[in-house]
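# Descriptive structure summary
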Amino acid sequence: MKFLKQVSDYTKEAVQAAKYIGQGLSVTFDHMHRRPITVQYPYEKLIPSERFRGRIHFEFDKCIACEVCVRVCPINLPVVDWEFNKETKKKKLNHYSIDFGVCIFCGNCVEYCPTNCLSMTEEYELATYDRHELNYDNVALGRLPYKVTQDPMVTPLRELGYLPKGVMEPHDLPAGSRRAGKLPEEILNEAQPAEVAPEA
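This section reports on the structure supplied with the text. (Residues numbered from 1 in each chain as written. Predicted model: local features only at pLDDT ≥ 70, side-chain atom pairs only at ≥ 80, totals over all residues. Heavy atoms only, no water.)

### What to know about the overall build of the protein
For the protein, the count of helices and strands is five helices and seven strands. Mapped in sequence order, the helices and strands of the protein form the string α-β-β-α-β-β-α-β-β-α-β-α. Relative to its 200 residues, the protein shows a buried fraction of 25%. Look at the contacts in the protein between residues 6 or more apart in sequence, and 71% of them connect residues 24 or more apart. Taken as a whole, the protein presents about 15100 Å² of accessible surface, with 56% of it coming from carbon and sulfur. (Helix = DSSP H or I, 4+ residues; strand = E, 2+ residues; numbered from the N terminus. Buried < 20%, exposed > 50% of the residue type's maximum accessible area, 1.4 Å probe, protein only. Contact = heavy atoms within 4.5 Å. Areas by Shrake-Rupley, 256 points an atom, 1.4 Å probe, with all protein chains shown as cover.)

### Thoughts on the packing of aromatic side chains
With the rule as written, the count across this model stands at five aromatic pairs. Seen from their ring centres, Phe-52 and Tyr-124 are 6.1 Å apart, and the 80° between their planes marks the pair as edge-to-face. Of this pair, Phe-52 sits in the loop between strand E1 (44–46) and strand E2 (56–58) while Tyr-124 sits in the loop between strand E5 (118–120) and strand E6 (135–137), placing them 72 residues apart in sequence. The exposure class assigned to Phe-52 is partly exposed, which follows from its relative accessible area of 31%. Classification of Tyr-124 by relative accessible area gives partly exposed; the value is 34%. Aromatic side chains Phe-58 and Phe-60 sit 6.3 Å apart centroid to centroid with 90° between the ring planes, which places their arrangement in the edge-to-face category. (Phe/Tyr/Trp six-rings, centres within 6.5 Å; stacked < 30°, edge-to-face > 60°.)

### Quick notes on the nonpolar core
The biggest cluster of nonpolar side chains holds 23 residues, and the ones touching the most others in it are Phe-58, Tyr-96, Phe-100 and Leu-118. A per-element tally of this core places strand E4 (residues 90–99) first, with three residues. (Core = buried A, V, L, I, M, F, W, Y, C linked by side-chain atoms within 4.5 Å.)

### Remarks on the environment of Tyr-96
Along the polypeptide, Tyr-96 turns up in strand E4. Considered as a pair, Tyr-96 and Pro-78 are 18 residues apart in the sequence and their alpha carbons are 7.2 Å apart. Ignoring sequence-local partners within four residues, the contact set of Tyr-96 consists of Phe-58, Cys-69, Pro-78, Val-79, Val-80, Leu-118, Tyr-136, Asp-137, Asn-138 and Leu-141.

### Some words on the sheet that holds E4
Spatially, the three strands line up as an open sheet ordered E3-E4-E6, and their pairing is antiparallel. Two strands lie at the open edges of the sheet, namely strand E3 (79–85) and E6, each paired on one side alone. Shown here is a sheet whose adjacent strand axes are inclined to one another by a mean of 20°, direction ignored. Sheet topology places E3 next to E4; seven bridges connect them, and they run antiparallel. Along E4, the bridge assignment pairs Asn-85 with Lys-90. (Pairing = 2+ DSSP bridges. Axes fitted to C-alpha atoms, helices over the stretch in contact; angles between N-to-C directions.)

### Digging into the pattern of salt bridges
Applying the stated rule across the entire model yields five salt bridges. Across the pair Asp-9 and Lys-5 runs a salt bridge, and its minimum N-O distance is 3.1 Å. With Asp-9 and Lys-5 both in helix H1 (residues 2–32) and four residues apart, the pair spans about one turn of that helix. For Lys-5, a relative accessible area of 54% puts it in the exposed group. Across the pair Lys-45 and Glu-125 runs a salt bridge whose closest N-O atoms are separated by 3.0 Å. Taken together, the residues span a long stretch of sequence, with Lys-45 in strand E1 and Glu-125 in the loop between E5 and E6 at a distance of 80 residues. Bridged by salt links that share partners, the residues Arg-55, Glu-123 and Arg-143 form one connected network. (Salt bridge = Lys/Arg side-chain N within 4 Å of Asp/Glu carboxyl O.)

### Considerations on unusual backbone geometry
With an omega dihedral of 5°, the bond running from Tyr-41 to Pro-42 counts as a cis peptide bond. By the secondary structure assignment, Pro-42 is in the loop between H1 and E1. In this structure, Glu-67 takes a positive phi of about 65° despite not being glycine. Within the secondary structure layout, Glu-67 lies in the loop between E2 and helix H2 (68–72).

### A word on a nonpolar patch on the surface
Residues Met-1, Phe-3, Leu-4 and Val-7 make up a contiguous nonpolar surface patch of about 510 Å² in total accessible area. Position of Val-7 relative to the elements: it lies in helix H1. Given the relative accessible area of 37%, Val-7 is considered partly exposed. (Patch = residues over 30% accessible without salt bridge, like charges linked within 9 Å, V, L, I, M, F, W, Y side chains within 5 Å.)

Written out as structure tokens, the structure reads:
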């Protein structure tokens, strides 16, 4: 009886192990038919999606120093320095800053800004050697980022596909073969509106 129970347990464990091995191999075989997702950064960059939350852009002239951005921020991050002008009876903005070393890019400040002086950009390359350089003042926040599609040194990629479908080794590609993604000129041509035909 004890021997039969041991054989039964051993058989169950062997079947279970075979099941797990089969699951692991199925994942492996599934990935063998997918494209590699390597992006040759910084020579190739992915085009951020339309609603990407990158570095915040700030327009100094639009800000009314209402401090709504500070109140809706989960960590009270934006620093708004203002003074009250007695003649005009309005706040005058002196300084505005956001520390991107602490910011969680939730987008609440952009969402609730009553004058739309804050907006999200596509800039995601914020790495620095000193974390204090991530504290952007109103001048740094006002700088518009350079778009990936406008940089002639970078090949913009729309998707995470580096090699053509079915090619697994990059050295197997024939010389001069085209890679996935579009050139900046092609993306700009698509972005331009089609010319309207003159009326007869």
